[in-house]
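In case you want the letters, here they are:
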Amino acid sequence: MPNSRRRPTGTVAPCPGTASSGHLAAAEIRLAPWLIIAGLLALACSPYPRPPATERAAVVDTLHGLAITDDYRWLEDQDSPETRAWIDAQNAYAELIVGDTPLRDEVEARLRELMDVPGPLFPRRAGDFEYFTMRKPGEEVAAIRRRPAPEEPQRDPIDPGGDFELVLDPLDLDPTGTTGVSIRDFSPDGNLMIYAVRDGGQDEVEIRVRDLEAGEDLPDRLPNFLYGGISFNRDGTGFYYVSRSRETGGRVRLHMLGTDVADDAELFGEGHGPEKFVGFTVGGEGRYMVFTVQHGWARTDVYLQDMTADVRLARRPRGQSVPISSGEDASIVVGSLQPRPIVVGAPARFRARFVEDELWLLTNLDAPKNRVVALDPANPDPDPANWRVVLPETDDLLTGYQIIGGQIYANYLHNVSRRIVRYEMDGTPAGEIPVPEHHVAELRSWGEGTALLTLTSLVTPAHILRIDLETMETEPWRPSSVPFDGTDYEVSQHWYTSADGTRGPLYVAHRKGLELTGDTPTLLYGYGGFNVNLMPRFDNRSLVQRQMSLNAGPVSSGK
């Protein structure tokens, strides 16, 4: 919004049929600024003029024989004069409604109090140091920091107020504070770090490589573009990455340090257009690469390449020897890569990872709620009937899994709440991690025999427990630092039937004792698409306040 503020000149009249005078005390509001206008308009009969009109310019796309009209496609060009004028008009109208009021100042102060808190830090070891990205209270953007790696792993939380070495400050790149940096990968010896630089909220990023000993960037740099996975090769002499062109599609490439990016070898992706998503996974200590081709959100093709074999890589100009590492059999002949197809054309999704000496696939093939299967990458059998079933399908949706201490911890979705079930490596059930009702839970390894359990709900800020994996006993590890007490609020789950007959869940959170009459002002939020479910997570920006309820639920299907 513009810096100049205009105070509203009118008064707000009370709405018929309500006891409210149309005025809300500042202390009652606990909403993010982008929700203020919606809340005020919903709660009051406003004397203000109607919002600025938005021009409609119909664009019709025909998808699978169905004509879909988009009246606002022109707004996708955010730099056009028309879009900028529309944004200016909307901001001016917002200023007219909100203005320079005590309410706005109170919301701004409360929002800063809620959001200016450090999040949990889980360091990543590389060489002799532990690295993490951290935004200290009062800082506008997060910086990359490090500390010497202790001889014995430290199992206590990192103190955000501690004195850590600054590795990379994004304010040195852009003093305006709109540029962010994020860690992508470390070389095997821990001396090099690949990191991304993002300007504002754009999808494109720039990829850089930093010499951590010298504290300087190498000349190797990928230009601002769309990138997928990035991973160093097995000896740190280069890295694999996915570049995603909106015109030609995704490509898996190999960049060798010290060479021109224009000469990067193209490993996979030729022939796959922009409507497909290409990815890769490296396993077997760098011996294998799995390439995936995602067709929309319903189908994935899987290919396997043995990188120690006599493979041929597509690269321009062709016919040259390309080093892929500094070890033996490190040179391969340029030509065309021919990975072995594992699954091609099956109407199912696949997520691949390597576990010990096997390739594991999480898939909904012959299992609508997903299962995990395993096969031998050295001799992969393309027949699904011969794959080893690690985790069979259950009544709940399997969303992922971790391997901790030689056991599998599977994440299930049960009525839009999380379940974490433990299995032996052969798939034998071995118990369940206790998770409170209506919560989201995440588990991560944290020392021998222990793990960290992060819990959150609509009215519970994220807090972390340390759990003894033998006894399942928990103790506080890092309480929430968000200044909010959810004990005065309650959460309930309800079910509704959509127009097509699908039964969907809905969460309602509100202050205890609030009577839900059907006329209660409510913030309603939903999301659906891309196989993503809206989970009951705490959001600092949209806290419930005592006159309102908050409803949230998925628009798409999902248990």
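The structure displayed is predicted, hence computed values, not measured ones.

Caption draft 1: Summary view of the overall build of the chain. Scanning the chain for helices and strands turns up four helices and 37 strands. Counting every atom, the chain has about 29100 Å² of accessible surface; 49% of that belongs to carbon and sulfur.

Caption draft 2: Just the sheet that holds strand β30 (residues 440–445), in detail. Within the open sheet, the four strands sit side by side as β30-β31-β32-β33. Their pairing is antiparallel. The open sheet terminates on both sides in strands that have one partner only, identified here as β30 and β33 (474–478). Between one strand axis and the next, the sheet turns by 30 degrees as a mean value, whatever way the strands run. In the sheet, β30 pairs with strand β31 (residues 450–457) via six bridges, with the strands oriented antiparallel. Directly across from R444, in β31, lies its bridge partner L452.

Caption draft 3: Molecular detail of the nonpolar core. Counting residues in each nonpolar core, the largest one holds 17 residues, and the members touching the most others are V290, I342, F350, L359, L361 and W387. Among the elements of the structure, β16 (288–295), β17 (299–306), β21 (340–343), β22 (350–355), β23 (358–363) and β24 (371–375) are those that each provide at least two residues to this core. Broken down by element, the residue count for this core peaks at three residues, all from β22. In this structure, I342 is in contact with V302, Y303, L304, L375, P380, P382 and W387, ignoring residues within four places of it in sequence.

Caption draft 4: Highlighting helix α2 (residues 81–98). Compared with an ideal rise of 1.5 Å per residue, which puts 18 residues at 26 Å, α2 spans 26 Å between its outermost C-alpha atoms and is within 8% of the ideal. Among the residues of α2, those classed as buried are T83, Y93, A94, E95, I97 and V98. In the stretch just after α2, G99 is the one whose phi turns positive, near 65 degrees.

Caption draft 5: Geometry of the packing of aromatic side chains. Scanning the model with the defined rule gives 20 aromatic pairs in all. Seen from their ring centres, Y227 and Y241 are 6.1 Å apart, and the 70 degrees between their planes marks the pair as edge-to-face. A residue pair is termed long-range when its members are at least 10 positions apart, and Y227 in strand β11 (residues 227–232) and Y241 in strand β12 (residues 238–245) qualify at 14 residues. In this structure, Y227 and Y241 share a single accessibility class: buried. Ring centres of F277 and W297 lie 5.8 Å apart, and the angle between their planes is 35 degrees; on these two criteria the pair is classed as tilted.

Caption draft 6: Representation of the confidence of the model for the chain in the model. Averaged over all residues, the pLDDT of the chain equals 84, while 83% of them reach at least 70. Counting interchain partners and residues more than four positions distant, the pLDDT-below-50 stretch residues 310–321 has 44 contacts. Contacts for the low-pLDDT stretch residues 326–335, under 50 throughout, to residues beyond four places or in other chains number 37 contacts.

Caption draft 7: Spotlight on a nonpolar patch on the surface. Judged by side-chain polarity, F277, W297, F530 and V532 come together as a nonpolar surface patch covering roughly 370 Å² of accessible area. The class for W297 is partly exposed, based on a relative accessible area of 38%.

Caption draft 8: Region of interest: helix α3 (residues 102–115). If you check α3, its first and last C-alpha atoms are 20 Å apart, about what 14 residues at 1.5 Å a residue would give, namely 20 Å. Taken together, the buried positions of α3 are L103, R104, V107, R110, L111 and L114. Relative to the axis of α3, the buried residues are bounded by an arc of 135 degrees and lie together on one face. Within α3, the exposed residues directed more than 90 degrees away from the buried face are P102 and R112.

Caption draft 9: How the structure looks around the side chain of S80. Within the element layout of this structure, S80 appears in the loop between β2 (66–70) and α2. Within the local environment of S80, its side chain forms a polar contact with the side chain of T83, the two groups lying 2.8 Å apart.

Caption draft 10: Structural context of unusual backbone geometry. The backbone of H64 sits at a positive phi, close to 55 degrees, despite the residue not being glycine. If you trace the backbone, H64 turns up in the loop between β1 (59–63) and β2.

Caption draft 11: Examining the sheet that holds β11 more closely. If you trace the four strands from one edge of the open sheet to the other, you get β11-β12-β13-β14, paired in antiparallel fashion. Looking at strand neighbours, the two that pair on one side only are β11 and β14 (265–268), the edges of this open sheet. The mean angle between the axes of side-by-side strands here comes to 25 degrees, regardless of whether they run parallel or antiparallel. Sheet analysis places β12 next to strand β13 (residues 249–256), joined by eight bridges and oriented antiparallel. Across the sheet, the residue bridging to V242 is V252, located in β13.

Caption draft 12: Local environment of the pattern of salt bridges. A full pass over the atoms with the stated rule returns 27 salt bridges. Members of the salt-bridge network, linked through shared partners, are E206, R208, R210, D217 and R221.

Quick notes on the rules
- Residues numbered from 1 in each chain as written.
- Predicted model: local features only at pLDDT ≥ 70, side-chain atom pairs only at ≥ 80, totals over all residues.
- Heavy atoms only, no water.
- Helix = DSSP H or I, 4+ residues; strand = E, 2+ residues; numbered from the N terminus.
- Areas by Shrake-Rupley, 256 points an atom, 1.4 Å probe, with all protein chains shown as cover.
- Pairing = 2+ DSSP bridges.
- Axes fitted to C-alpha atoms, helices over the stretch in contact; angles between N-to-C directions.
- Core = buried A, V, L, I, M, F, W, Y, C linked by side-chain atoms within 4.5 Å.
- Buried < 20%, exposed > 50% of the residue type's maximum accessible area, 1.4 Å probe, protein only.
- Contact = heavy atoms within 4.5 Å.
- Expected span 1.5 Å × (residues − 1).
- Phe/Tyr/Trp six-rings, centres within 6.5 Å; stacked < 30°, edge-to-face > 60°.
- pLDDT = per-residue confidence, 0-100.
- Patch = residues over 30% accessible without salt bridge, like charges linked within 9 Å, V, L, I, M, F, W, Y side chains within 5 Å.
- Salt bridge = Lys/Arg side-chain N within 4 Å of Asp/Glu carboxyl O.
- Arc of directions from axis to C-beta.
- Polar contact = N/O pair within 3.5 Å; in protein donor to acceptor, adjacent residues only side chain to side chain.

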